[in-house]
Amino acid sequence: MAEAPSFVHNNWFTEKSDGIGFSIKIKEKIFEKQSQFQKIEIYDTETLGRLLLLDGKTMVSDKDEHIYHEMITHIPLNTHPNPKRALVIGGGDGGTIREIIKHPSIEEAYLVEIDEDVINACKEYFPEVSCALDDPRVTVCCEDGIQFIKDHKNYFDLIVIDSTDPEGFALELFSPSFYQNVYDALTDDGIMTNQTDNPFIYPDTVRTTYQNMGKVFQNIYMYWGYCMLYPGSFWTFGFGSKTYNPLLEVSIEKIKAKNLKTKYYNAGLQKGAFLLPQFALDILPDHAPQKRV
Ligand code: SAM
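Attention in this report is confined to the structure presented alongside it. Keep in mind that this is a model prediction, so the values were computed, not measured.

Reading guide: rules and limits
Residues numbered from 1 in each chain as written. Predicted model: local features only at pLDDT ≥ 70, side-chain atom pairs only at ≥ 80, totals over all residues. Heavy atoms only, no water. Near = heavy atom within 4 Å. Polar contact = N/O pair within 3.5 Å; in protein donor to acceptor, adjacent residues only side chain to side chain. Helix = DSSP H or I, 4+ residues; strand = E, 2+ residues; numbered from the N terminus. Nonpolar A, V, L, I, M, F, W, Y, C, P; charged D, E, K, R; others polar. Salt bridge = Lys/Arg side-chain N within 4 Å of Asp/Glu carboxyl O. Buried < 20%, exposed > 50% of the residue type's maximum accessible area, 1.4 Å probe, protein only. Disulfide = S-S within 2.5 Å. Pairing = 2+ DSSP bridges. Axes fitted to C-alpha atoms, helices over the stretch in contact; angles between N-to-C directions. Contact = heavy atoms within 4.5 Å.

What follows covers the site of the ligand. Surrounding the ligand, one finds 25 residues, the nearest of these being Q38, E113, D144, G145 and Y230. Contact between the ligand and G145: a nitrogen atom at 2.9 Å from a main-chain N or O atom of the residue. Of all the elements in the fold, those that place two or more residues in the shell around the ligand are β6 (57-61) and α5 (145-150). A per-class count over the shell around the ligand returns 11 nonpolar, eight polar and six charged.

Rendered as structure tokens:
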């Protein structure tokens, strides 16, 4: 029988990932629902505020959610000189959309989340994360991102894949055919970012993800942030670009002038986040520009 991914014992929630556990002391469970797609649970915790689990895996906590959401958005939005249209696939908690609309150039932002129950639960229990979902520039679509992307060509300046891990109904969001559809839905100078897991704990999975991205994007990069909640906390993000090089075509002065209100991201991290330890560089396909530095 497959090992349960997580458990609660003596008021401690533990997420298990390949022989390693991460534990958080909880106060009480405040929400539980089996949706059409996954089990949604929300806990109140002692130190991280509210905590969202999907199928027993940690997704969002009040205390550290800003790190993931700032990094997956501001890095591409401060690389692209004038991003106007953005799409988020997944991301039903709303944190990625909240960060995207901090950029005044954004005219339209779409959230395409397959599970309406995730959106509704986050609107009720994570008001500071989901607060931008009612912004007039935002359109929320409860549908499968895999289908949605096929119907859009040459439209988005930024596409963020804010998905669950590469398994189950999210697996296809990491496939070459999906990345090809993302590429086609981007404008001629568009950028894609995605969450790509921990390369120390899951080297094979991360290697496969970047190989698949590399079959479509000539310019692929990896960057990282400290996401305490996720296994191992060393969390990586993929950056697929049609034209822009995030290490060269970025003006630190322009970023500072935007005066974005952030708690983790800053102008120094815009380039610094792309500095990788050797084991992570080794995972990237040979044509990745970071390999040549
Ligand atoms: N930051 C989180 C993390 O990495 O742990 C991701 C959180 S976000 C809530 C992930 C969302 O992706 C889930 O709500 C899930 O329903 C959604 N999702 C998974 N597959 C999807 C698909 N094919 N289309 C749209 N949304 C999808």
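And the narrative resumes.
Going through the model one piece at a time under the given rule, you end up with 15 salt bridges. Between E167 and K57 there is a salt bridge, with the nearest N and O atoms lying 2.9 Å from each other. Of this pair, E167 sits in the loop between β10 (156-162) and α6 (176-185) while K57 sits in strand β6, and the two are 110 residues apart along the sequence. For R98, the salt bridge is made with E65, and the minimal N-O distance between the two is 2.9 Å. Separated by 33 residues along the polypeptide, R98 in helix α2 (residues 95-100) and E65 in helix α1 (residues 65-77) bring together distant segments of the chain. We note that R98, like E65, is buried. Overlapping salt bridges, with partners in common, bring together K29, E32, K39 and E41 in one network.

On to the state of the cysteines, then. Linking two cysteines covalently via their sulfur atoms produces the bond known as a disulfide. In total, this model carries zero disulfides according to the counting rule given. Here C122 is not disulfide-linked; the sulfur of C142 is the nearest cysteine sulfur, at 12 Å. Judged by its relative accessible area of 0%, C122 falls in the buried class. For the unlinked cysteine C227, the closest cysteine sulfur is that of C122, found at 17 Å. Note on C227: relative accessible area 1%, which makes it buried.

Moving on to the pairing of strand β3 (residues 20-34). Where strand β2 (residues 12-17) meets β3, six bridges bridge the pair, whose relative direction is antiparallel. The residue bridging E15 from the neighbouring strand is F22, located in β3. Count of turn residues in the β2/β3 antiparallel hairpin: two residues, of which D18 carries a positive phi of about 45 degrees. Looking at chain direction, β3 and strand β4 (residues 39-45) are connected through seven bridges and run antiparallel. The partner of Q34 across the bridge, within β4, is K39. Linkage of β3 to β4, two consecutive antiparallel strands, is achieved through a turn of four residues.

Looking now at the sheet that holds β2. Reading across from one edge, β1-β2-β3-β4-β5-β6 is the order of the six strands in this open sheet, with antiparallel pairing throughout. Edge strands, defined here as strands with exactly one partner in the open sheet, are β1 (6-9) and β6. Put simply, the sheet's adjacent strands are angled 45 degrees from each other on average, direction ignored. Here helix α3 (residues 116-125) sits on the sheet in contact with β3, β4 and β5 (50-54), set at roughly 15 degrees to β4.

Turning to the sheet that holds strand β12 (residues 219-226), a few remarks are in order. Spatial ordering of the open sheet is given by β9-β8-β7-β10-β11-β13-β12, a layout of seven strands whose pairing is mixed. Each edge of the open sheet carries a strand with a single partner, namely β9 (138-141) and β12. Shown here is a sheet whose adjacent strand axes are inclined to one another by a mean of 15 degrees, direction ignored. Bridge count between β12 and strand β13 (residues 234-241): eight bridges; the pairing is antiparallel. Within β13, the residue paired with W224 across the bridge is T236. On top of the sheet, helix α7 (residues 203-214) reaches β11 (186-195), β12 and β13; it is set at about 145 degrees to β12, its chief contact.

One non-glycine residue, D18, adopts positive backbone phi at about 45 degrees. Within the secondary structure, D18 sits in the loop between β2 and β3. Despite not being glycine, N154 shows a phi value in the positive range, around 50 degrees. Structurally, the position occupied by N154 is in the loop between α5 and β10. N154 sits in the partly exposed class, given a relative accessible area of 45%.

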